[in-house]
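# A closer look at the structure
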Amino acid sequence: MPELPEVEIWRRRIWPTLSTATVIDVHGSSGPPLAPDLSISDLRGALIGRQCMRVDRRGKRLALQFTEAERTLVIQLGMTGRFHVESSHGPEVRFERLRLELSHGAALVYADARRIGRLSWVPHGEAFQGLGADALATESDEWSKRFTESRSPIKVALLDQERVAGVGNIYACEGLHAAGIHPKRAARTLTPAEWTHLARAIQASMQQTLSRDGAGSLLYLSAKETNVNPFVVYGRAGEPCPTCGVTICRDILGGRGTFFCPACQPEAGTVA
DNA sequence: AAAAGACCACT
DNA sequence: AGTGGTCTTTT
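Note that the structure is a prediction, hence the values are computed from the model and not measured.

## Side note on the overall build of chain A
On a plain count of helices and strands, chain A comes out with 7 helices and 12 strands. Against the globule reference of 19 Å for 272 residues, chain A gives a C-alpha radius of gyration of 20 Å, in line with a compact fold. Here the C-alpha coordinates of chain A stretch approximately 65 × 40 × 30 Å along the principal axes. Within the span of chain A, comprising 272 residues, buried residues form 48% of the whole. Across chain A, contacts joining residues at least 24 apart in sequence account for 64% of those joining residues at least 6 apart. Working note: accessible area of chain A is about 12700 Å², and carbon and sulfur atoms make up 49% of it. Separation between the mean location of the 32 positive side-chain charges and that of the 29 negative ones in chain A comes to 3 Å.

## Topic: the pairing of strand β4 (residues 71-76)
For strand β3 (residues 61-66) and β4, the ladder comprises 5 bridges, and the chain directions are antiparallel. Bridged to Leu64 within β4 is Leu73. Hairpin remark: β3 followed by β4, antiparallel, with 4 residues in the connecting loop; positive phi at Glu68, about 60 degrees. Here β4 runs beside strand β8 (residues 118-123); their pairing, made up of 6 bridges, is antiparallel.

## Some thoughts on the nonpolar core
With 31 residues, the main nonpolar core has Leu18, Leu47, Leu64, Phe66, Ile75 and Phe83 as its most contacted residues. Residues in contact with Leu18, not counting those within four places in the same chain, are Cys52, Val55, Leu64, Leu100, Leu102 and Leu108.

## Some points on the pattern of salt bridges
Two side chains carrying opposite charge are able to pair once their charged atoms lie near each other. Taken as a whole, this structure holds 15 salt bridges when the rule is applied. Here Arg57 makes a salt bridge to Glu8, at a shortest N to O gap of 2.7 Å. In this pair, Arg57 is assigned in strand β2 (residues 52-58) and Glu8 in helix α1 (residues 4-18), connecting sequence segments 49 residues apart. By the burial criterion, Arg57 is buried, and Glu8 matches it. We note a salt bridge from Glu142 to Lys145, for which the minimum N-O separation is 3.7 Å. Here Glu142 pairs with Lys145, and both are found in helix α3 (residues 140-146), just 3 residues apart, close to one helical turn. The partly exposed category is assigned to Glu142, whose relative accessible area is 24%. Since its relative accessible area comes to 55%, Lys145 is described here as exposed.

## Digging into the protein's contact with DNA strand B
For DNA strand B, the full set of nearby residues is Arg94, Phe95, Ala113, Arg114, Arg115, Ile116, Ser150, Arg151, Ser152, Pro153 and Arg163. Here, DNA strand B places atoms within 4 Å of the protein, and 71% of those atoms are sugar or phosphate. Here a base oxygen of DNA strand B sits 2.8 Å away from a polar atom, N or O, in the side chain of Arg114. At 3.3 Å from a phosphate oxygen of DNA strand B is found a main-chain nitrogen or oxygen belonging to Ser152.

## Details of empty space enclosed by the protein
It is the rolling of a water-molecule-sized probe over the atoms that shows where space remains empty. Inspection of the entire model under this criterion finds 1 cavity of 30 Å³ or more. Estimates place the volume of the largest cavity at around 40 Å³. Of all elements in the fold, only β4, β6 (96-102) and β7 (107-112) reach the threshold of two or more residues within the lining of the largest cavity. Per-element accounting of the lining of the largest cavity gives the leading share, 3 residues, to β7. Taken together, the residues of the lining of the largest cavity break down into 9 nonpolar, no polar and no charged.

## Thoughts on helix α5 (residues 169-179)
The element α5 is largely enclosed, with a buried count of 10 among its 11 residues. Three or more residues of α5 are buried, namely Asn169, Ile170, Tyr171, Ala172, Cys173, Glu174, Gly175, Leu176, His177 and Ala179.

## Quick look at the sheet that holds β8
Whether parallel or antiparallel, the strands of a sheet pair through hydrogen bonds between backbone atoms. The strand order across the open sheet built from 4 strands is β2-β3-β4-β8, with neighbouring strands paired in antiparallel fashion. Whereas interior strands pair on both sides, the edge strands pair on one side only; in this sheet they are β2 and β8. With direction set aside, neighbouring strand axes in the sheet form an average angle of 25 degrees. Across the sheet, α1 lies against β2 and β3, angled at about 175 degrees from β2, the strand it touches most.

## Points about the sheet that holds strand β5 (residues 81-86)
Spatial strand order, β1-β6-β7-β5: 4 strands in an open sheet with antiparallel pairing. Each end of this open sheet is capped by a strand with a single partner; those strands are β1 (23-28) and β5. The average undirected angle you get between the axes of adjacent strands in this sheet is 15 degrees. Sheet analysis places β5 next to β7, joined by 6 bridges and oriented antiparallel. Note on β7: the bridge partner recorded for Arg82 is Ala111.

Conventions adopted
- Residues numbered from 1 in each chain as written.
- Chains lettered and ligands numbered in written order.
- Predicted model: local features only at pLDDT ≥ 70, side-chain atom pairs only at ≥ 80, totals over all residues.
- Heavy atoms only, no water.
- Helix = DSSP H or I, 4+ residues; strand = E, 2+ residues; numbered from the N terminus.
- Rg over C-alpha atoms; globule rule 2.2 N^0.38 Å.
- Buried < 20%, exposed > 50% of the residue type's maximum accessible area, 1.4 Å probe, protein only.
- Contact = heavy atoms within 4.5 Å.
- Areas by Shrake-Rupley, 256 points an atom, 1.4 Å probe, with all protein chains shown as cover.
- Lys, Arg positive; Asp, Glu negative; His and termini not counted.
- Charge placed at Lys NZ, Arg CZ, Asp CG, Glu CD.
- Pairing = 2+ DSSP bridges.
- Core = buried A, V, L, I, M, F, W, Y, C linked by side-chain atoms within 4.5 Å.
- Salt bridge = Lys/Arg side-chain N within 4 Å of Asp/Glu carboxyl O.
- Near = heavy atom within 4 Å.
- Polar contact = N/O pair within 3.5 Å; in protein donor to acceptor, adjacent residues only side chain to side chain.
- 1 Å grid on protein atoms, 1.4 Å probe; cavity = no way out; pocket = protein on both sides within 12 Å on 5 of 7 lines; lining within 4 Å.
- Points joined across faces, edges and corners; volume = space filled by probe spheres on them.
- Nonpolar A, V, L, I, M, F, W, Y, C, P; charged D, E, K, R; others polar.
- Axes fitted to C-alpha atoms, helices over the stretch in contact; angles between N-to-C directions.

Following this line, the structure appears as structure tokens:
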């Protein structure tokens, strides 16, 4: 569900609670989203009495390091993963999958309706295995290098976390629109100038989400609740493009809804 | 390397 | 029907 900015927002939000106390108990049940080789009793043994020393993020993945732990707790939120930071015992959390009770009385709860997220316990060096460079921390020339071999449509290639980590369906659509690139263009046909534009557009869109995380609610959650769509093309098929007024199209690429403006993002070969 | 399907359980 | 993500399997 969440893409890079939302995961970064979670990272910032769980840190103050997690870093200021030791784990005193662990609750949850086996099965997804827990990795197949991981049980709650494993986690209990590994985490009780330990304190979180850092929460790192690369792309959409979080890595939690605990004192004296031999491994790292890796969390991928999938599409519906989210956290609850409880300062005192509140109402039951829907879809609760993992709960860390902390020595100052608070608790960190991981909830995941679809159980499509992953919680795993891996050697420190493997936390970010399989992920490319972080989308927010990577210059456009580096992006360009990592896509030179890809014949896939650029929209699909952007979702490949092994090239650049953190771009999901929404920011792929938003970035391509801002850069004026058709989602079906083969990734390797993009020029350096287009990469500069695209990488910056994706980063700008992500930064905008980050900056909108004011004192309270997560943008993508509050947006859902209030039915406000903060994006330029994502989820706006049939509406006029805010740039040129032409009707926004929806297609399916990489198995997912892909939104674009046929006028701002011309097909290859029809560029004026 | 790329496409398709699988997974899951909701709105 | 629709879903913002990954895995694995097939071509």
